[in-house]
Amino acid sequence: MNSSISNSKKIPKAFLAAFLLFLVTVIAGVFYLIKTDTLPAPIFTGRVSMDEKIRFLRMHYPINADVVTIGSSSALNNISSQVFFDDPAVGKRYLNFSSWGLTMESTLRHWKIFDQIHDSKILIIGISFFDFNKSDDDPINGTDIRRYIQGRPTLLYYLKYHASGFSRRIWSTAKRRRTNDFLGSLKYDEGGGVLLDVPEENVRKHYWQDELTETRFQPGSYEALDQLLADLREKGKIGVIVQSPVKGSSSVKEKRFFFLKHHWDKVDAIAKKHGMYFYNMYNIFESDDQLFPDDMHVNHEGANMFTLQLFQRMKEDKIFQRVNMLAQKRGF
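Please read all numbers here as calculations on a predicted model, not as lab measurements.

(A) Molecular detail of the overall build of the protein. Summing up its helical and strand segments, the protein has 12 helices and 5 strands in all. Every one of the 332 residues in the protein was classed for burial, and the buried ones make up 53%. For the protein, the share of sequence-separated contacts (at least 6 apart) that also reach a separation of at least 24 residues comes to 80%. Within the structure as shown, the protein displays about 16,600 Å² of accessible surface, and the carbon and sulfur contribution to it stands at 56%.

(B) Spatial organisation of helix H2 (residues 48-59). Helix length check: H2 (12 residues) gives 17 Å between terminal C-alpha atoms against 16 Å at 1.5 Å per residue, within 8%. Packing partners of the buried residues in H2 comprise helix H3 (73-78), strand S2 (94-96), helix H5 (104-115), helix H6 (142-149) and helix H8 (166-178).

(C) Geometry of the pairing of strand S3 (residues 122-127). Along S3, 6 of the 6 residues are buried, which leaves the element largely enclosed by surrounding structure. Burial along S3 is two-sided: the face carrying Ile122, Ile124 and Gly126 and the face carrying Leu123, Ile125 and Ile127 are both buried. Note: strand S1 (residues 67-71) against S3, 5 bridges, orientation parallel. Within S3, the residue paired with Val68 across the bridge is Leu123. The pairing of S3 with strand S4 (residues 238-243) spans 6 bridges and is parallel. Along S4, the bridge assignment pairs Ile122 with Ile238.

(D) Quick peek at the side chain of His263. Position of His263 relative to the elements: it lies in helix H10 (residues 259-273). Under the relative-accessibility criterion, His263 is labelled buried at 1%.

Criteria and cut-off values
Residues numbered from 1 in each chain as written. Predicted model: local features only at pLDDT ≥ 70, side-chain atom pairs only at ≥ 80, totals over all residues. Heavy atoms only, no water. Helix = DSSP H or I, 4+ residues; strand = E, 2+ residues; numbered from the N terminus. Buried < 20%, exposed > 50% of the residue type's maximum accessible area, 1.4 Å probe, protein only. Contact = heavy atoms within 4.5 Å. Areas by Shrake-Rupley, 256 points an atom, 1.4 Å probe, with all protein chains shown as cover. Expected span 1.5 Å × (residues − 1). Pairing = 2+ DSSP bridges.

If you want it as structure tokens, here you go:
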């Protein structure tokens with residue numbers, strides 16, 4: 001009898017010791033991941049690029065940017081923050097909120113969240129051919145994302161937003177954050193962009209012409225763009241839509257791609273409807289394919305050249321002066 005009682009007392013003690021050892025191991029592991037900057041962001045969206053961008057916004061909160069870029073990877077990789085930083089018209093008041101794979105519909109959903117925690121003046125909407133697909137239904141909790149960005153304790157969000165892929169992200173996050181020599185890089189510059197320096201041997205041998213068809217351009221995408229610009233106009237902000245450069249852009253002149261003119265005409269009509277701007281810069285590197293690590297993304301040099309031309313067009317159209325006039329009219 002006494003032996004049974006003694007054994008029953010030892011079991012809880014052994015359990016407690018094991019639990020404490022497990023807890024210490026977990027804490028040590030989390031501390032290591034934080035210390036080495038390899039702890040992935042909570043899985044808010046299931047998209048590693050957007051989840052990491054949400055984490056980036058938290059690290060830079062409160063956000064103080066007059067000019068914001070949003071869009072898919074063509075906006076993330078092709079627009080250089082430094083060009084905006086170097087000009088006194090903007091300086092450090094610039095932020096790139098783009099991430100991989102956003103369609104126009106998902107761009108609108110994420111913008112509605114971001115706009116509630118930050119009041120920008122100019123929104124640069126980077127587009128590519130493949131941003132006008134029908135968006136997957138990726139439900140997101142805007143309230144949780146806003147609170148996380150604004151500095152609420154992180155443990156709750158790691159407990160609430162987790163998935164089987166989280167452990168795999170741990171091993172890939174370190175590389176993504178530290179190097180920009182591959183297309184999966186998440187090595188953000190100070191403004192949230194990711195400029196690429198992909199070596200020639202790693203250049204992706206792929207051609208956009210093989211995947212582009214007229215059916216890719218969905219009515220809902222144009223409706224989302226229209227709604228986004230209407231929202232900007234209502235709030236006294238300016239939208240600048242810019243078509244990113246394309247490798248082998250001379251192919252656009254082929255008869256089978258004539259539908260792209262119709263696409264661009266629709267984008268331009270939506271922009272003009274709301275008094276906004278559309279810059280079609282698809283062919284600015286028509287003879288410089290060496291600037292592209294793949295069909296839709298340029299390298300570091302190309303991003304600086306592209307952004308300088310974009311910035312020059314914005315200045316020629318006196319967009320920065322117009323922002324100030326709109327602000328005065330609205331009593332800002």
